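Coordinate inspection notes
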Amino acid sequence: RFHGLSWESLWGDELSTLHAALRPTLGEVSRALGGWDPPLYQLLLHYWFRVAGSSDVAARLPAALFGTLCVAAVFYLGRRILDERTAAFSALVLAVMPFHIWYSQQIRNYGLFSLAAIVFFYFACVAPRTNRIQSWVALGISAGFLIHVHWPGFLLIFCLFGWIIIGAVTRYWGPDHAPAKVLK
């Protein structure tokens with residue numbers, strides 16, 4: 001994800017993200033997006049540019065870091081809900097996946113969105129199992145973070161609620177009365 005960050009020139013969407021993040025005030029950063037993207041990633045870049053500058057490599061570095069963290073997060077999630085062998089295989093697949101590498105090298109919110117989605121699904125698995133208030137709060141916070149990074153986060157949250165409802169119905173009526181049978 002870090003190799004070749006400066007090989008390709010910036011393209012349209014990267015330039016719009018860069019343009020928004022380079023605005024002098026936070027209000028201008030949010031307004032520059034025009035509602036196309038939630039502002040969180042551009043606000044992070046706004047402060048990142050103050051520290052690291054706004055060269056092509058510096059601008060792409062956060063996305064590469066978030067993409068790399070995704071590999072570790074997939075391993076941790078896989079080990080938590082399945083087993084270490086499956087977790088290692090899943091992390092390996094993500095580590096060499098061309099699309100994830102490509103999106104992790106762009107000045108866009110995709111790397112952070114992937115990481116936020118993995119964290120969200122981690123808490124989606126942990127909260128129902130532990131049923132601790134801290135886990136449910138963490139799930140809510142991760143959901144809020146997810147939708148402030150990229151709008152498709154709403155779709156993931158909607159799918160999770162469907163999964164929770166199906167799980168609750170299945171537990172309540174038992175596996176022989178799964179929702180598909182209940183609705184008939």
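Counting of residues starts from 1 at the beginning of each chain's written sequence and follows it residue by residue. Local features in a predicted model are, by the rule used here, given only for residues with pLDDT of at least 70; side-chain atom pairs are given and counted only at 80 or more, and totals for whole chains, interfaces and linings are based on all residues. As a rule here, side-chain values cover all heavy atoms of the structure and leave hydrogens and water aside.

**Describing the overall build of the chain**
Segments assigned H or I by DSSP are reported as helices when at least four residues long, segments assigned E as strands when at least two residues long, and all are numbered from the N terminus. Helices and strands together make up the secondary structure of the chain, namely 10 helices and 0 strands. If you list the helices and strands of the chain from N to C, you get α-α-α-α-α-α-α-α-α-α. By the convention used here, residues are in contact when the closest approach between their heavy atoms is within 4.5 Å. When contacts within the chain are restricted to residue pairs at least 6 apart in sequence, those whose partners lie at least 24 apart make up 64%. Of the roughly 10800 Å² that the chain leaves accessible, carbon and sulfur atoms contribute 70%. Each accessible area is a Shrake-Rupley estimate made with a 1.4 Å probe; only the visible protein chains count as cover when residues are assessed.

**A few points about the nonpolar core**
In terms of nonpolar packing, the biggest core is built from 34 residues, with Phe 120 and Leu 146 touching the most fellow members. Elements supplying a minimum of two residues to this core: helix H1 (12-21), helix H3 (40-52), helix H4 (56-81), helix H5 (84-96), helix H7 (110-130), helix H8 (133-149) and helix H9 (153-173). Non-local contacts of Leu 146, meaning those with residues more than four positions away in its chain, are made with Phe 113, Ala 116, Ala 117, Phe 120, Gly 153, Leu 156 and Ile 157. Throughout, nonpolar core names a set of buried Ala, Val, Leu, Ile, Met, Phe, Trp, Tyr and Cys residues whose side chains join them through atoms within 4.5 Å. Buried means the residue's accessible area, taken with a 1.4 Å probe over protein chains only, is under 20% of the maximum for its type, while exposed means over 50%, and partly exposed covers the values in between.

**Here we look at the side chain of Gln 106**
With respect to the helices and strands, the residue Gln 106 is situated in the loop between helix H6 (98-103) and H7. With a relative accessible area of 3%, Gln 106 lands in the buried category.

**A word on the environment of Ala 64**
If you trace the backbone, Ala 64 turns up in helix H4. Judged by relative accessible area, Ala 64 falls into the buried class, the value being 0%. Residues Ala 64 and Gln 105, 41 residues apart in the sequence, show an inter-C-alpha distance of 5.4 Å.

**Considerations on the packing of aromatic side chains**
Note on aromatic pairs: each is described by the distance of the centres and the angle between the planes. Only Phe, Tyr and Trp rings are paired, with Trp represented by its six-membered ring, and only when their centres lie within 6.5 Å; those with planes under 30 degrees apart are stacked, over 60 edge-to-face, the remainder tilted. For the coordinates displayed, the defined rule picks out 7 aromatic pairs. Ring centres of Trp 151 and Phe 154 lie 6.2 Å apart, and the angle between their planes is 10°; on these two criteria the pair is classed as stacked. Using a relative accessible area of 39% as the deciding quantity, one classes Trp 151 as partly exposed. Chaining the aromatic ring pairs together yields one cluster made of Tyr 76, Tyr 122 and Phe 123.

**A word on H5**
In this scheme, a helix's expected span is set at 1.5 Å multiplied by one less than its residue total. Here H5 is 13 residues long and its end C-alpha atoms lie 18 Å apart, about the 18 Å a rise of 1.5 Å per residue gives. Taken together, the buried positions of H5 are occupied by Ala 87, Ala 91 and Leu 94. Axial view of H5: buried residues confined to an arc of 65°, hence all on one face. Residues Arg 85, Phe 89 and Val 96 are exposed on H5 and point more than 90 degrees away from its buried face. If you follow the buried residues of H5, they end up packed against H4 and H6. Of the residues that open H5, the one with a side-chain oxygen 3.1 Å from the backbone nitrogen of Arg 85 is Asp 83. The directions considered for the arc run from the helix axis to the C-beta atoms. Any pair of N or O atoms that falls within 3.5 Å is considered a polar contact. Within protein, one atom must be able to donate a hydrogen and the other to accept it, and sequence-neighbouring residues count only if both atoms are side-chain atoms.

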